[in-house]
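Below are the chains, spelled out letter by letter.
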Amino acid sequence: MGRMMAGLHATYDLVLSPTLGEPPPPLGSFDQHGDDPLDAFRRAEILGTFTAAFNATGQPAISLPLHSNKAGLPIGVQFIAEFGREDLLLRVASQLEEASPWADRIAPVFAS
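Within every chain, residues take consecutive numbers counted from 1 along the sequence as written. Since the coordinates come from a predicted model, pLDDT governs what is reported: local features require at least 70, and pairs of side-chain atoms require 80 or more to be given and counted, while whole-chain, interface and lining totals use all residues. As a rule here, side-chain values come from all non-hydrogen atoms in the structure, and water together with hydrogens is ignored.

### Some words on the nonpolar core
By nonpolar core is meant a set of buried Ala, Val, Leu, Ile, Met, Phe, Trp, Tyr and Cys residues that side-chain atoms within 4.5 Å join together. Classification of residues uses two cut-offs on accessible area relative to the type maximum, computed with a 1.4 Å probe and protein chains only: under 20% is buried, over 50% is exposed, and between them is partly exposed. Grouped together as the largest cluster of nonpolar side chains are seven residues: L64, V77, F79, A81, L89, A93 and W102. Helical segments are the DSSP runs of H or I of at least four residues, strand segments are the runs of E of at least two, and each set is numbered from the N terminus. Broken down by secondary-structure element, the contributors of at least two residues to this core are β3 (74–81) and α4 (86–99). In terms of residue count, the dominant contributor to this core is β3 (three residues). In what follows, residue pairs with any heavy atoms lying within 4.5 Å of each other are defined as contacts. Among residues more than four places away in sequence, those in contact with V77 are L16, S17, T19, I62, S63, L64 and L66.

### Concerning the pairing of strand β2 (residues 61–68)
For two strands to pair, DSSP has to find at least two bridges joining them. Here six bridges tie β2 to β3, and the two strands are oriented antiparallel to one another. If you follow H67 over to β3, its bridge partner there is I75. The loop that links β2 with its antiparallel partner β3 comprises five residues; one of these, G72, has a positive phi angle of about 85°.

### A short note on the sheet that holds β3
The strand order across the open sheet built from three strands is β1-β3-β2, with neighbouring strands paired in antiparallel fashion. Looking at the sheet topology across the chains shown, the edges are occupied by β1 (14–18) and β2. Ignoring which end each strand starts from, the neighbouring axes of this sheet average 30° apart. Judged from the five bridges that link them, β1 and β3 form a sheet pairing that is antiparallel. Following the sheet pairing, L16 is matched in β3 by F79. Interaxial angle, 0 to 180 degrees, is taken between N-to-C directions of lines fitted to C-alpha atoms, where a helix line uses only the stretch in contact.

### Quick notes on the pattern of salt bridges
The salt bridge criterion pairs a side-chain nitrogen of Lys or Arg with a carboxyl oxygen of Asp or Glu, the two atoms within 4 Å. Throughout the structure, instances matching the rule amount to five salt bridges. Between R43 and E22 there is a salt bridge, with the nearest N and O atoms lying 2.6 Å from each other. Taken together, the residues span a long stretch of sequence, with R43 in helix α2 (residues 39–47) and E22 in the loop between β1 and α2 at a distance of 21 residues. Classification of R43 as partly exposed rests on a relative accessible area of 21%. Here the salt bridges do not stand alone but share partners, grouping D36, D39 and R42 into one network.

### A look at α4
Taking 1.5 Å per residue, 14 residues should reach 20 Å; α4 reaches 20 Å between its end C-alpha atoms and fits that length. Within α4 the residues assigned to the buried category are L88, L89, V92 and A93. Seen along its axis, α4 keeps its buried residues to an arc of 130°; they face one direction. Opposite the buried face of α4, by more than 90 degrees, sit the exposed residues L90, Q95 and E98. For α4, the secondary structure elements touched by its buried residues are β1, β2 and β3. By this rule the span expected of a helix is its residue count minus one, scaled by 1.5 Å. Arc definition: it is the arc formed by the directions from the helix axis to the C-beta atoms.

### Points about the side chain of T19
Inspection of the secondary structure puts T19 in the loop between β1 and α2. Not counting the four nearest positions on each side in its chain, T19 is found in contact with L47, F50, T51, S63, G76, V77 and Q78.

Here's what the structure looks like:
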């Protein structure tokens, strides 16, 4: 899979994808103490579908909160770069944050 992604980066500088497979889940969604201890894993599998491949290949990726849903929860956009190109991700993130700042956005429920 890593070689396949390296081939993609020969044509494209960045790959863009959602960060999560669905909007952010409510707190307590990953209860491992139910009848089936794998329920939490299955739940995480749905959410992490877009990040898992890049965790496995070791490619640098960054998730940026570029949108929010009607409930005010952040919706992440993931950028994936070629191996060793963290600099590109940080430059793009900096430019996007300057264009659309997110530091002052606070979700209706948050941990501090």
